[in-house]
Amino acid sequence: MTRDMKRFVLTMAGAMCLAGSAHAGKLSDLLGSQGLKDAGNTAITGLALTDAQVVELGAKSVAQMDQENPVAPADNAYAKRLAKLAQNMTREDGLTLNFKVYLVKDVNAFAVPDGSVRVFAGLMDLMPDDAELMSVIGHEIGHVKYGHSKEHYRAAYLSSAARKGVAAIGGTVGKLAASDIGAIGEAAVNAKFSRANETQADEYGVDFLRRHGMDPNASVRGMQKLASQDGKAKTSFLDDHPASQERVSHLQKYIARKR
Ligand SMILES: [Zn+2]
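Going by what an unreviewed UniProt entry lists, the chain is known as Peptidase M48 domain-containing protein and is assigned to Lysobacter soli.

Below, the structure written as structure tokens:
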């Protein structure tokens, strides 16, 4: 896979997450019918990863993605902005987080079960308002906090095992080939979250802003900005205006309720 393709794959991921989708990211969607059937086999279900293994898999997949994407050096303006915003977030709500910027123009961000948060320069350009940017980052952290991203990694791992066979994939995270880890990471960050998961992450984003003394309404503005991107990017996530608007009104209600 070329670097450009990799970027495109990553773009799809955050895009779908950020703008939301009415489609559930069910295990069956990730595995396909044959994969799900195979996953029912004892040999495959016996591969269920522990939490620690999912974290390990997440860390390895991010290391791979960091190699394949242009990571902003520490003295880069984008990196400095993110580092300043995240300076008090290495320990956040029981998670250990690390942050990096990918110097690509796509509007995207994602977080991985090991606490790695990756923010794309295009998203930072779209949101010069720090609170809006942090609302998106908080949302992504919410997916980690609530275990949504772990579910996607587990499913992607099972799918890979079902496709390639247990022996081929090694049976433990430590034995996975780099190419398999990369493919699993891509599948996991590309998988759509369910509507329920998105709602939970949206609410987490509001709580996150409040916890850091930022305006919770920035989450509404951030969501509206992302929705306004519809039609400009060539990804499947962008044709769900109603979903985005439902999310905006839910955010408004949630903010008012918690006031
Ligand atoms: Zn999301």
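### Observations regarding the overall build of the chain
Secondary structure assignment for the chain yields 13 helices and five strands. Across the 259 residues that make up the chain, the buried fraction comes to 53%. The contacts in the chain between residues at least 6 apart in sequence include a share of 74% that link residues at least 24 apart. Per element, the accessible surface of the chain, about 11,400 Å² overall, is 54% carbon and sulfur.

### Brief notes about the nonpolar core
By size, the foremost hydrophobic cluster in this structure holds 30 residues, and its most contacted members are F99, V119, L123, L133, I137 and I141. For this core, the leading source of residues is helix α7 (residues 130-145), giving seven residues. Each residue touching L123, except ones within four places of it in the same chain, is listed here: D106, V107, N108, A109, L133, V136 and L226. If you look at the next biggest cluster of nonpolar residues, it comprises 22 residues, including V104, Y153, V173 and A188.

### Overview of the environment of S244
Looking at where S244 falls in the secondary structure, it is placed in helix α13 (residues 241-257). A relative accessible area of 1% means that S244 is categorised as buried. Each C-alpha atom of the pair S244 and L226 lies 8.5 Å from the other, and the pair is 18 residues apart in sequence.

### Notes on the packing of helix α4 (residues 51-68) against helix α8 (residues 148-164)
Two elements in contact, α4 and α8, have axes whose closest approach is 10 Å; the angle formed by their N-to-C orientations is 85°. The pairing of α4 with α8 is recorded here as roughly perpendicular in orientation. Contacts between α4 and α8 involve D51, V54, V55, L57, G58, S61 and M65 from the former and K150, Y153, R154 and Y157 from the latter. Considered class by class, the residues forming the contact of α4 with α8 number six nonpolar, two polar and three charged.

### Notes on the packing of aromatic side chains
All chains considered together, the criterion is met by four aromatic pairs. Both rings, one in Y102 and one in F120, keep their centres 5.4 Å apart while their planes meet at 55°; by these two values the pair is tilted. Taken together, the residues span a long stretch of sequence, with Y102 in strand β3 (residues 98-102) and F120 in strand β5 (residues 116-120) at a distance of 18 residues. Given the relative accessible area of 0%, Y102 is considered buried. Judged by relative accessible area, F120 falls into the buried class, the value being 0%.

### Some thoughts on the pattern of salt bridges
Per the stated rule, a full pass over the model turns up 15 salt bridges. The closest approach of N and O atoms between D130 and R81, which form a salt bridge, is 3.0 Å. Here D130, found in helix α7, pairs with R81, found in helix α5 (residues 77-85); they are 49 residues apart in sequence, far enough to count as distant. Linking E246 and R195 is a salt bridge whose minimum nitrogen-to-oxygen distance equals 2.6 Å. Taken together, the residues span a long stretch of sequence, with E246 in helix α13 and R195 in helix α11 (residues 195-211) at a distance of 51 residues. Judged by relative accessible area, which is 42%, E246 ranks as partly exposed. Note on R195: relative accessible area 25%, which makes it partly exposed.

### Details of α4
With 18 residues, α4 extends 26 Å between its outermost C-alpha atoms, agreeing within 8% with the 26 Å of an ideal straight helix rising 1.5 Å per residue. Every buried residue of α4 is accounted for by V54, L57, G58, S61, V62, Q64, M65 and D66.

### Digging into the sheet that holds strand β4 (residues 109-111)
Spatially, the three strands line up as an open sheet ordered β3-β5-β4, and their pairing is mixed. Looking at which strands have only one partner, the edges of the open sheet turn out to be β3 and β4. Sheet twist, expressed as the average angle between the axes of neighbouring strands with direction ignored, equals 15°. Summarising the sheet, β3 and β5 pair through five bridges and their orientation is parallel. Looking across to β5, one finds that F99 is bridged to V117. In this fold α4 packs onto β3, β4 and β5, with an angle of close to 30° to the strand it touches most, β3. Those strands touched by α7 are β3, β4 and β5, and its axis lies near 30° from that of β4.

Rules used throughout
Residues numbered from 1 in each chain as written. Predicted model: local features only at pLDDT ≥ 70, side-chain atom pairs only at ≥ 80, totals over all residues. Heavy atoms only, no water. Helix = DSSP H or I, 4+ residues; strand = E, 2+ residues; numbered from the N terminus. Buried < 20%, exposed > 50% of the residue type's maximum accessible area, 1.4 Å probe, protein only. Contact = heavy atoms within 4.5 Å. Areas by Shrake-Rupley, 256 points an atom, 1.4 Å probe, with all protein chains shown as cover. Core = buried A, V, L, I, M, F, W, Y, C linked by side-chain atoms within 4.5 Å. Axes fitted to C-alpha atoms, helices over the stretch in contact; angles between N-to-C directions. Parallel < 35°, antiparallel > 145°, perpendicular 65-115°, else oblique. Nonpolar A, V, L, I, M, F, W, Y, C, P; charged D, E, K, R; others polar. Phe/Tyr/Trp six-rings, centres within 6.5 Å; stacked < 30°, edge-to-face > 60°. Salt bridge = Lys/Arg side-chain N within 4 Å of Asp/Glu carboxyl O. Expected span 1.5 Å × (residues − 1). Pairing = 2+ DSSP bridges.

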